[in-house]
Every structure is written in structure tokens, then in C-alpha cells.
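A structural walkthrough
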Amino acid sequence: MSSTAGRLVTSRSELDLDHPNLEDYLPSGSSINEPRGKLSLRDLLDISPTLTEAAGAIVDDSFTRCFKSNPPEPWNWNIYLFPLWCFGVVVRYCLLFPLRVVTLAFGWIIFLSLFIPVNALLKGQDRLRKKIERVLVEMICSFFVASWTGVVKYHGPRPSIRPKQVYVANHTSMIDFIVLEQMTAFAVIMQKHPGWVGLLQSTILESVGCIWFNRSEAKDREIVARKLRDHVQGTDNNPLLIFPEGTCVNNNYTVMFKKGAFELDCTVCPIAIKYNKIFVDAFWNSRKQSFTMHLLQLMTSWAVVCEVWYLEPQTIRPGETGIEFAERVRDMISLRAGLKKVPWDGYLKYSRPSSKHSERKQQSFAESILARLEEK
Amino acid sequence: MGNTSSMLTQYDIEEVQSHCHELFEQQEILSLYQRFCQLDRNAKGFISADEFLSVPEFAMNPLSQRLLKMVDGLNFKDFVAFLSAFSAKASLRQKVQLIFKVYDSDCNGKVSFKDIMEVLRDLSGSFMSDEQREEVLSQVLKESGYTSDSFLTVEDFVKIFGSCKPEMDVEIPVD
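Residues numbered from 1 in each chain as written. Chains lettered and ligands numbered in written order. Predicted model: local features only at pLDDT ≥ 70, side-chain atom pairs only at ≥ 80, totals over all residues. Heavy atoms only, no water.

- Looking at an unreviewed UniProt entry, one finds chain B named Calcineurin subunit B-like, with Camelina sativa as its source organism.

- The name an unreviewed UniProt entry assigns to chain A is Glycerol-3-phosphate acyltransferase 3, from the organism Camelina sativa.
- Chain A has a UniProt comment under Sequence similarities (unreviewed entry) that states "Belongs to the 1-acyl-sn-glycerol-3-phosphate acyltransferase family." (UniProt positions renumbered as here; feature names shortened; annotations may be inferred.)

Now the structure itself:
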């Protein structure tokens, strides 16, 4: 489709491979597709099914719903509750927040004073160094979680370090990683971020073993797939944690899982994470706030409450494709965490859908017209 | 709920209602306003083409470019007026008028053979040749008493659609 209004950047063909037929999920009320005898002028001119689909999408669509922040309902709306709320604000900002900053700073001091020497001195003894670094990373993550008064309930058997296994989880915010990391030092695959987050990524996360990807780079997918495979084969590497959605979703829905994690020829251990919005909405809406602002928001709220379920490890069944396996695991995670499934690729946040989808509609329209033309 | 409803006063709602011929109820207009604010990311007062295209379901629609020309840059009042044709309360005439406007891209009140061909091209893409499209269109036009040189007006469209209302209803989610 050529575009005059609005810049249409069609996504790369790689995205086409990542999800099954969209038409199976979307409602298609196209009446013109049912052959109903001879074609009349009215039938040809009646574009109402297509128009209705477009208007329906303008009015409400499942993709935008996935990235909508749902802040907790305000409860301070009357004369008794408002002073109480004001008092709460004072306590949160003037008492809790400084305490938390101090705790976090304290944790960082301990961490750095142990991490840097260990990293420098034990260069030769890799196994010991890695073991200590693992413990230290878990520790600093615990400090982070404490700095938002994180109340995390873990269910299920704790992850173990074994080769040929990958962990997948639904993604709401970068704090997912911290919440999981405080229990087990995972290696993770992440988008490289700018700023102080990027600095952390390249120094500390490098020690637990991290793989970087770049959404905007064309050849990136093959390179990343190879790195994933290498990591999983290694016996001494930390268990790999992958967020197959590829982007942060608002913890009410799950978007399509990228099949990359499911084609590594190893066991997939699903993890479901559900945040309780009672005090704060943990969804990081990267369109609306930077990570720093997001962290500050968490640190000035009462608590971050969440539940983590480690689910039963799954292997690919004979005859199952990577996409089917990914969907099966997504079903498990969505069911456990009470999330609704939508058929969209998370990367549509950054690019337009490929013309393949509109072409399919065009094809079915053309075929029905030509079929009806035959009926005389 | 949420804080967007406080930005629309009762007066605003009534103004919008009269502009869309009373086809939407107050609650529906509030929901549409929430949606409008959600799509209009930097609160400019209108939704740009790019923001419409960020809705994948809309971008995938074969008629998206035609519709974009009609909705790009509309303020909220006109946005609601555009969508009013999709209300269940809209009459046959109002729905057919919108369909006519989609065909009549140069807004001269007449739909020519060429105009219909363009819409057909959007809908069938590369899966039908131009000759096939011309053949189909000439044939059905002839059968209805028109020629390929005819210009169709709104009245012609109303006549063609007869008494059967096109199925063009969109429900506004009200939460």
C-alpha cells in the first residue's frame, strides 16, 4: 500500500514468522465473503463490512488496551479521607522515601565494595568468582526490592542451575527482572538502554552473563538466536531468563510470544508474574515515563505487591511447531496470572503491521467477487 | 471514570450531541472522549494520521488510507460526527451517505466509474487485474440500468441500497 498521508513503515519479514494466522483471532464480519448468488451493484458498492471493521478499530482495539496504564482508583475523595491521604503522602515522601534511598545507597556501597575487588582479584579463578558474583547480584536485587518495600510471594520450586533449560516470563516492567533475580541469579536477554541503566547493564549484568539485542537492527535476530543457543548449551552459565513478549505489557494482557525462546531445543520453564495494583501500578509505560521516573514512583508508594509462580517445565511435543509451543506456554502463564491473551505482536508498538494482513483481506474479497461472477 | 470526564462539561456534551444529530448518548460520548484522548498522545486536540495508524487493526484495513483522509486532523466534535454513522440509531440514509463520501474522494457530489474502480482496487489489491475489475463493474452497472459514463449521486446510492440497511453498527464500549 503506498501512503500519502502518514508514514507507513512496514515491519521486517521476520515479524511475519512470529505469529500464526491473525484472522483466526480477529472477528471478521465480512458478509461479502459468503457467496450469495448473483452479484448485484449493491453488493459491489456495499463496503460496510470493511468500514465497520475500521470504525471498530478506531473506537476500541485490543492492542492499545494492552499498553494502557490502569492506576489504582483514587480513594481520597471526601473530607475525612483527604487529610488521611495527605498524611500518607507526607509519610511516604518525607519518611519512607529517604529511608529507602538510604537503604539502597547502603546496599550499593556494600555491593560495590565487594564486587569490584572480587571481579579484579579473582580473574583467574572463574568458578569461585562467578559464585560470589551471583550471590552479590542476588543481594543487590534484594536491596532494590526492599527499597520499594516489595512484598513478593513465590510459589513453586525454585529454579536450579541445569544445562539445556530456559526460563520465560510475562513482562510488565524492568523490575520483573529484579524481582526474579533476587531469588536466582539469572542471565537475561535485554534491549540495551541508554543512560545509567545501560551502564549497569554493561558492568554488573555482564557478570551474570547477559545477551544484548537491538530491536532496530535488521540482522540482529540471527545473531541473537545464535548467542541464545550457545548460552544454553554451556553447563556453567547461569539459567537464562527470557521475556518472549519483547516489550512491557500492562499486566492485564499478554501479547504474542516470540518463538525464539522456544526453538532452542531445551526445556522451557514458565514463570507467571502478577502485580497487585492495590498501592501502585507496576506497569512501566515507556511511552509515558522514563525508567528513573518509574522507579521514583515505586519508591514513593507504600509497597509493590506481587506474586510469582514457577510453573511446570515444558518440552516441545512431537509434531508441535515453535509457534504452537510458544502459544501453549503463553496459555499456561496467562491462566496462572489471570491475564487475557491478545493476538498481537508486541513490536507493533514500534512499527506498522506488514502488508501481508491487508493482502489477505484483499485476496478473500477478490476471490469472492470472482466466484460470484461465475454464478449467472 | 478516570479524570478525563472532568474535562468535558455538560454543555460540551450537549454541543457534541447536537452536532452528531443525537445519535450518541451521553455515556457513549464520554467513552469516545476517553478514546480520543488516548489516541491523541500529546493532547493536540486532534488525532494525527500516524496516531491512527498506530492502531494495528486500523492500519491493516484495506480502506485505511481513504478513511485517513476523512479523519485526519478532526477535532473531537467532528470525530464523533464521523463515527455517528456507525451508531445503531443511524438511519439508512445516514449510513449510505457515509459510504458515498468514502467513494467520493474529491467531494464533488458525484461518484464516477473511476471513483468506484479506485475503491475496488483498494479492496482487491493485486488479486484482481484492472480488466477484471472493469468487467465486473461494467456488468453490474449495466444490469442496474447505468453505464460506465454514469455519475452516481447520493440519491442514486440511496436507491441502490433500497430498503435494506447496510450492517454498519459499531458498539461503543461503556465502562
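What follows continues from the structure just given.
Topic: the overall build of chain A
- When its secondary structure is counted, chain A shows 12 helices and 9 strands.
- Taking all 376 residues of chain A together, 51% fall into the buried category.
- Contacts in chain A between residues far apart in sequence, at least 24 positions, make up 78% of those at least 6 positions apart.
- Approximately 17,500 Å² of chain A is accessible, and the part contributed by carbon and sulfur atoms is 61%. (Helix = DSSP H or I, 4+ residues; strand = E, 2+ residues; numbered from the N terminus. Buried < 20%, exposed > 50% of the residue type's maximum accessible area, 1.4 Å probe, protein only. Contact = heavy atoms within 4.5 Å. Areas by Shrake-Rupley, 256 points an atom, 1.4 Å probe, with all protein chains shown as cover.)

Side note on the packing of aromatic side chains
Residues and elements named next belong to chain A.
- The full count for this structure, using the stated rule, is 23 aromatic pairs over all chains.
- Both rings, one in Phe111 and one in Phe115, keep their centres 5.0 Å apart while their planes meet at 20 degrees; by these two values the pair is stacked. On the criterion of helical spacing, the pair formed by Phe111 and Phe115 is a turn pair, its members being 4 residues apart in helix α5 (residues 81-121).
- Residue Phe111 is classed as buried on the basis of its relative accessible area of 0%.
- Put simply, the rings of Trp108, Phe111, Phe115 and Phe144 touch in pairs and so form one group of aromatic residues.
- Lys258 extends its terminal NZ or CZ atom over the ring of Tyr347, reaching a point 4.0 Å from the ring centre. (Phe/Tyr/Trp six-rings, centres within 6.5 Å; stacked < 30°, edge-to-face > 60°. Lys NZ or Arg CZ within 6 Å of the ring centre and 35° of its normal.)

Side note on the UniProt feature "transmembrane region" (unreviewed entry) in chain A
Residue and element names in this part refer to chain A.
- According to UniProt, the "transmembrane region" (unreviewed entry) feature falls on residues 77-99, 105-122 and 134-154.
- Spanning residues 77-99, this segment combines 83% helix with 0% strand, and its end C-alpha atoms are found 29 Å apart.
- With 67% helix and 24% strand, residues 134-154 has its two end C-alpha atoms placed 20 Å apart.

Brief notes about the UniProt feature "domain: EF-hand" (unreviewed entry) in chain B
All names here are of chain B.
- Mapped onto the present numbering, the UniProt feature "domain: EF-hand" (unreviewed entry) falls on residues 27-62 and 91-126.
- As annotated, residues 27-62 comprises 61% helix and 0% strand, and the C-alpha atoms at either end are separated by 31 Å.
- Helix and strand shares over residues 91-126 are 67% and 0% respectively, and the end C-alpha atoms of the span are 35 Å apart.

Quick word on the nonpolar core
- Membership of the largest hydrophobic core comes to 73 residues, with the highest contact counts inside it found for Phe58, Phe76 and Phe157 of chain B.
- Looking at this core element by element, the count peaks at 7 residues for helix α7 (residues 92-103) of chain B.
- Dropping the residues within four chain positions of it, Phe58 of chain B is found in contact with Ala54, Ala57 and Ile58 of chain A together with Phe52, Leu53, Ser64, Leu67 and Leu68 of chain B.
- Within the second largest apolar cluster, 60 residues are counted, among which are Val145, Tyr275, Ala282 and Cys306 of chain A. (Core = buried A, V, L, I, M, F, W, Y, C linked by side-chain atoms within 4.5 Å.)

What to know about the sheet that holds strand β7 (residues 267-276) of chain A
Residues and elements named next belong to chain A.
- Pairing in this open sheet of 7 strands is mixed, and the strands run β1-β8-β7-β2-β5-β3-β4 from one edge to the other. At either margin of the open sheet sits one strand with a lone partner, and together these are β1 (150-155) and β4 (210-213). Geometrically, the sheet is characterised by an average inter-axis angle of 25 degrees between neighbouring strands, direction not taken into account.
- As paired strands, strand β2 (residues 165-169) and strand β5 (residues 240-242) are joined by 3 bridges and run parallel to one another. By the bridge assignment for β5, Tyr167 is matched with Leu241.
- Packed on one face of the sheet, helix α9 (residues 220-233) meets β2, β3 (187-191), β4 and β5 and runs near 170 degrees to β4. (Pairing = 2+ DSSP bridges. Axes fitted to C-alpha atoms, helices over the stretch in contact; angles between N-to-C directions.)

Let's talk about the pairing of β4 of chain A
Residue and element names in this part refer to chain A.
- On β4, burial covers both faces: Cys210 and Trp212 on one face and Ile211 and Phe213 on the other are all buried.
- Note: β3 against β4, 4 bridges, orientation parallel. Considered in β4, the bridge of Val188 is made with Cys210.
- With helix α8 (residues 195-208) bridging β3 and its parallel neighbour β4, the resulting β-α-β unit is right-handed. (Right-handed = clockwise from strand over helix to strand, strands pointing away.)

Let's talk about the pairing of β3 of chain A
Residues and elements named next belong to chain A.
- Among the 5 residues of β3, 5 are classified as buried, and the element is accordingly described as predominantly covered.
- Residues Ala187, Ile189 and Gln191 of β3 are buried on one face, and the alternating residues Val188 and Met190, pointing to the opposite face, are buried as well.
- Sheet analysis places β3 next to β5, joined by 2 bridges and oriented parallel. Each bridged residue has a counterpart across the sheet, and for Ala187 the counterpart in β5 is Leu240.

Re a nonpolar patch on the surface
- A contiguous nonpolar surface patch, about 410 Å² in accessible area, is contributed by Trp75, Trp77 and Leu84 of chain A.
- Note that Leu84 of chain A resides in helix α5. (Patch = residues over 30% accessible without salt bridge, like charges linked within 9 Å, V, L, I, M, F, W, Y side chains within 5 Å. Salt bridge = Lys/Arg side-chain N within 4 Å of Asp/Glu carboxyl O.)

Description of the interface of chain B and chain A
- The interface is formed by 65 residues belonging to chain B together with 54 residues belonging to chain A.
- Between chain B and chain A the total buried area reaches about 5,200 Å² when both faces are included, carbon and sulfur atoms providing 71% of it.
- On the chain B side of the contact with chain A, Glu57, Met60 and Phe127 of chain B bury the most area, a combined 15% of that side's loss.
- Taken together, the connections running from chain B to chain A amount to 2 salt bridges.
- The salt bridge involving Arg35 of chain B is made with Asp61 of chain A; its shortest N-O contact spans 2.6 Å.
- At the boundary of chain B with chain A, the tally comes to 12 residue pairs in polar contact (both at pLDDT 80 or more).
- With 8 residues, the single largest contributor to the side of chain B that touches chain A is helix α9 (residues 130-143) of chain B.
- Of the residues in the side of chain B that touches chain A, the class split is 42 nonpolar, 10 polar and 13 charged. (Buried area = accessible area lost by both parts, 1.4 Å probe. Polar contact = N/O pair within 3.5 Å; in protein donor to acceptor, adjacent residues only side chain to side chain. Nonpolar A, V, L, I, M, F, W, Y, C, P; charged D, E, K, R; others polar.)

Description of empty space enclosed by the protein
Residues and elements named next belong to chain A.
- In this structure the tally under the stated criterion is 4 cavities of 30 Å³ or more.
- Roughly 250 Å³ of internal volume is contained in the largest cavity.
- Residue lining of the largest cavity: 16 residues in total, with Phe144, Phe177, Ile178, Leu200 and Leu205 positioned closest to the centre.
- For the lining of the largest cavity, the elements supplying multiple residues, two or more each, are α6 (126-147), α7 (175-181) and α8.
- In terms of residues, the lining of the largest cavity owes the most to one element, α8, which gives 6 residues.
- Broken down by class, the residue content of the lining of the largest cavity amounts to 15 nonpolar, 1 polar and no charged. (1 Å grid on protein atoms, 1.4 Å probe; cavity = no way out; pocket = protein on both sides within 12 Å on 5 of 7 lines; lining within 4 Å. Points joined across faces, edges and corners; volume = space filled by probe spheres on them.)

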